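Architecture and fold: a report
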Amino acid sequence: MARRKKIYEGKAKILYEGPQPGTLVQYFKDDATAFNAEKKATIEGKGVLNNRLSEFFMTGLNQIGVPTHFIERINMREQLIRAVEIIPLEVIVRNYAAGSMAKRLGMEEGQQLPRPIIEFSYKDDALGDPLVPEEYIIAFGWASQQDLDDIVALALRVNDFMAGVMYGVGIKLIDFKIEIGRIYDGDFMRLVVADEISPDSCRLWDIKTGQKLDKDVFRRDLGNLTDAYTEVARRLGVMPANVTNTKPTLIN
Ligand code: UDP
């Protein structure tokens, strides 16, 4: 690790210089934060699970023709990705009311929405990622109207894929957040799904019991977060052999 140049360190991941130009190595930490980093913890095994789960979702998206930054998983905690220019927006897709939407509108969590609803937050921790209308996004030049149309189309495809995959293993996709990056090929610019897709950035409820299998377990102190993420990985058949014991072990 020390040999690689660190490019950026966020709350849950670190980006290192990649082996080829235009690539980065994305390292998944065990750190969890909530409520704009007011609540923090280290949860052993979370990074390993999210690396695997994000690999699973991004690979599936690539295969159905939804472009992502994902190239390949390198090891338990690292994956090779395309370097992108991140659009400073959190793109949130909601199928059922929950979290900030339920609070803002006084809705009951779990109420089905008439159709998927997409909203945008401006990525700025100091401001607490405020919700922004499209008008702001275009006026401030974070994305053009054409970009936004493309982002909405991408987000809806990710939603259909994720909702379908989850439905297949008895899980309801309540909502999720994605980030979008730009890749330049000469004069040509493409938008791709970037960052991660994992239970850190989705709300996932068991269809039968309503049990929460996502980061709300940590946010709301509902139990063991690793157990919840392990259950998602197990159902999807991507359960890593050994989640917690990722430190080097001495062999005699
Ligand atoms: N989300 C995220 N990162 C954020 C904010 C939200 O991944 O910084 C995800 C969150 O896990 C949920 C969805 O986006 O799946 C909608 O979150 P919401 O706006 O309800 O915010 P919250 O209640 O999590 O503050």
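Scroll up for the structure.
The structure reproduced in this document is the subject of the present report. (Residues numbered from 1 in each chain as written. Predicted model: local features only at pLDDT ≥ 70, side-chain atom pairs only at ≥ 80, totals over all residues. Heavy atoms only, no water.)

**Brief notes about the side chain of Glu179**
Applicable threshold: Elements are defined by DSSP. Helices are runs of H or I of four residues or more, strands are runs of E of two residues or more, and each kind is numbered from the N terminus. Two N or O atoms form a polar contact when they lie within 3.5 Å of each other; inside protein one atom must be a possible hydrogen donor and the other a possible acceptor, and for residues adjacent in sequence the pair counts only when both atoms belong to side chains.
Inspection of the secondary structure assignment puts Glu179 in strand E12 (residues 171-185). One polar contact links Glu179 to Lys177, side chain to side chain, over a distance of 2.9 Å.

**Focus: the site of the ligand**
Where we set the bar: Here a residue counts as near a molecule or strand whenever at least one of its heavy atoms sits within 4 Å of it. Here, Shrake-Rupley sampling with a 1.4 Å probe gives the accessible areas, and only protein chains in the shown set may cover a residue. Charged residues are taken to be Asp, Glu, Lys and Arg, nonpolar residues to be Ala, Val, Leu, Ile, Met, Phe, Trp, Tyr, Cys and Pro, and polar residues to be all remaining types, Gly included.
What surrounds the ligand is a group of 15 residues, the closest being Arg94, Ser100, Asp175, Arg203 and Arg219. Take Ser100: an N or O atom from its side chain is 2.6 Å from an oxygen atom of the ligand. A distance of 2.6 Å is found between an oxygen atom of the ligand and a side-chain nitrogen or oxygen belonging to Asp175. When isolated, the ligand has an accessible area of 510 Å², and the protein chains bury 77% of it. Mapped onto the shell around the ligand, the elements with two or more residues apiece are strand E9 (89-96), helix H2 (99-105), E12 and strand E14 (202-206). Of the residues assigned to the shell around the ligand, the class counts are four nonpolar, three polar and eight charged.

**Notes on the pairing of E12**
Look at any regular strand and the pattern is simple: side chains alternate between the two faces of the sheet. The test is simple: Note on exposure labels: buried denotes an accessible area under 20% of the residue type's maximum, exposed denotes more than 50%, and partly exposed covers the range between, all computed with a 1.4 Å probe on protein chains only. By the convention used here, strands pair only if DSSP detects at least 2 bridges between them.
Here E12 lies mainly inside the structure; twelve of its 15 residues are buried. Note: E9 against E12, four bridges, orientation antiparallel. Looking at E12, one finds that Arg94 is bridged to Asp175. Pairing geometry for E12 and E14, over five bridges, is antiparallel. Paired with Leu173 across the strands is Leu204, a residue of E14.

**Observations concerning the nonpolar core**
Convention followed: The term nonpolar core refers to a set of buried residues drawn from Ala, Val, Leu, Ile, Met, Phe, Trp, Tyr and Cys, joined through side-chain atoms within 4.5 Å.
Counting 48 residues, the largest nonpolar core has Val158, Met162, Ile178, Ile180 and Ile197 as its most contacted members. When residues in this core are grouped by element, the largest group, eight residues, is from helix H4 (residues 145-168). Residues Ile14, Tyr16, Val25 and Leu80 belong to the second largest nonpolar core, which totals five residues.

**Some details on unusual backbone geometry**
A positive phi is found at Phe35, a non-glycine position, where the angle reads about 50°. A residue is classified by how much of its surface remains accessible, and Phe35, at 48% relative accessible area, is partly exposed.

**Focus: the side chain of Gln79**
As a reminder, the rule being used: The contact criterion used is simple: two residues touch if any of their non-hydrogen atoms lie within 4.5 Å.
Its location among the elements puts Gln79 in strand E7 (residues 78-82). At 2.8 Å, the side chain of Gln79 and the side chain of Asn51 are in polar contact. Not counting the four nearest positions on each side in its chain, Gln79 is found in contact with Leu24, Val25, Gln26, Phe28, Asn51, Ser54, Glu55, His69, Phe70, Glu72, Arg73 and Ile74.

**Some thoughts on the environment of Lys208**
For Lys208, the position within the fold is in the loop between E14 and helix H5 (216-219). By relative accessible area, which is 83% here, Lys208 ends up exposed. When the C-alpha positions of Lys208 and Lys172 are compared, they lie 9.3 Å apart, and in sequence the two are 36 residues distant.

**A look at the sheet that holds strand E1 (residues 6-9)**
Quick note on the threshold: For helices, the axis comes from a line fit to the C-alpha atoms of the stretch in contact; other axes are also lines fit to C-alpha atoms, and the angle between any two N-to-C directions lies between 0 and 180 degrees.
Spatially, the five strands line up as an open sheet ordered E1-E2-E3-E7-E6, and their pairing is antiparallel. The outermost strands of the open sheet, each flanked by one partner alone, are E1 and strand E6 (70-73). The sheet shows a mean angle of 25° between the axes of neighbouring strands, direction not considered. When strand E2 (residues 13-17) meets strand E3 (residues 23-28), the two strands line up antiparallel, connected through five bridges. Each residue of the ladder has a partner; that of Leu15, found in E3, is Gln26. Those strands touched by helix H1 (residues 46-63) are E3, E6 and E7, and its axis lies near 135° from that of E6.

**A closer look at the environment of Leu61**
Residue position: Leu61 is located in helix H1. For Leu61, a relative accessible area of 0% puts it in the buried group. Each C-alpha atom of the pair Leu61 and Met189 lies 19 Å from the other, and the pair is 128 residues apart in sequence. Setting aside its immediate chain neighbours within four residues, Leu61 contacts Val66, Thr68, Val158, Phe161 and Ile197.

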